[in-house]
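The primary structure of each chain is shown beneath.
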Amino acid sequence: MIYKIITDTPLENIKKELAEHSKEGGFGVLGSYEFQKILQTKGFTLDKDITVYELCNPHAAHEALQAMPGISVYLPCRISLYEENGKTVLATIDINDIMNSIEVDADFKAHMQRVFAYLQNVMNSWK
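K.L.:
Would you explain the packing of helix H3 (residues 58–67) against helix H5 (residues 106–124) in this entry?
P.N.:
Where H3 contacts H5, the two axes come as close as 11 Å, and the packing angle between them is 150°. When the axes of H3 and H5 are compared, the pair comes out roughly antiparallel. Relative to H5, H3 is oriented so that their crossing is left-handed. When H3 is examined against H5, the residues Ala60, Glu63, Ala64 and Ala67 are found in contact with a partner set consisting of Phe108, His111, Met112 and Val115. The residue inventory of the contact of H3 with H5, partitioned by class, reads six nonpolar, one polar and one charged.

K.L.:
What's the story with the packing of aromatic side chains in this structure? I'm lost.
P.N.:
Each aromatic ring pair is described using two quantities: the centre-to-centre distance and the angle formed by the ring planes. Counted under the stated rule, the structure contains one aromatic pair. Taking the centre distance of 5.5 Å and the plane angle of 80° together, the rings of Tyr3 and Phe116 count as edge-to-face. Taken as a pair, Tyr3 in strand S1 (residues 2–7) and Phe116 in helix H5 lie far apart in primary sequence, 113 residues in all. Judged on exposure class, the residue Tyr3 and its partner Phe116 are both buried.

Cut-offs applied
Residues numbered from 1 in each chain as written. Predicted model: local features only at pLDDT ≥ 70, side-chain atom pairs only at ≥ 80, totals over all residues. Heavy atoms only, no water. Axes fitted to C-alpha atoms, helices over the stretch in contact; angles between N-to-C directions. Helix = DSSP H or I, 4+ residues; strand = E, 2+ residues; numbered from the N terminus. Parallel < 35°, antiparallel > 145°, perpendicular 65-115°, else oblique. Left-handed = near helix turned anticlockwise from the far one by under 90°. Contact = heavy atoms within 4.5 Å. Nonpolar A, V, L, I, M, F, W, Y, C, P; charged D, E, K, R; others polar. Phe/Tyr/Trp six-rings, centres within 6.5 Å; stacked < 30°, edge-to-face > 60°. Buried < 20%, exposed > 50% of the residue type's maximum accessible area, 1.4 Å probe, protein only.

These figures come from the coordinates and say nothing about function on their own.
Structure (structure tokens):
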């Protein structure tokens, strides 16, 4: 259910390069959530630097939402960045698992698989 890429590229480098790599892949970065900082303001300590970025491909999102408004619970696309065992991890929801668990027509499934492939390409650009 979670698709991961593990890379030797330092976390801070990916944070600096994410917007450009996303743009090259047809996405824009809408925002980000730095969970370590967010939780700290709520009185909790998180030992890991975990940042989630929200990405959007407006054309793809429009088509998906026109066909199935309920898919909005999975939008915008998210990429999570964190370190694990000395490596940087990029993670996202595996849309293929979702498409296989809900009833959708073949055209919609193919559209969502193309969007996921674009997102995978962005993530793989640090491999």
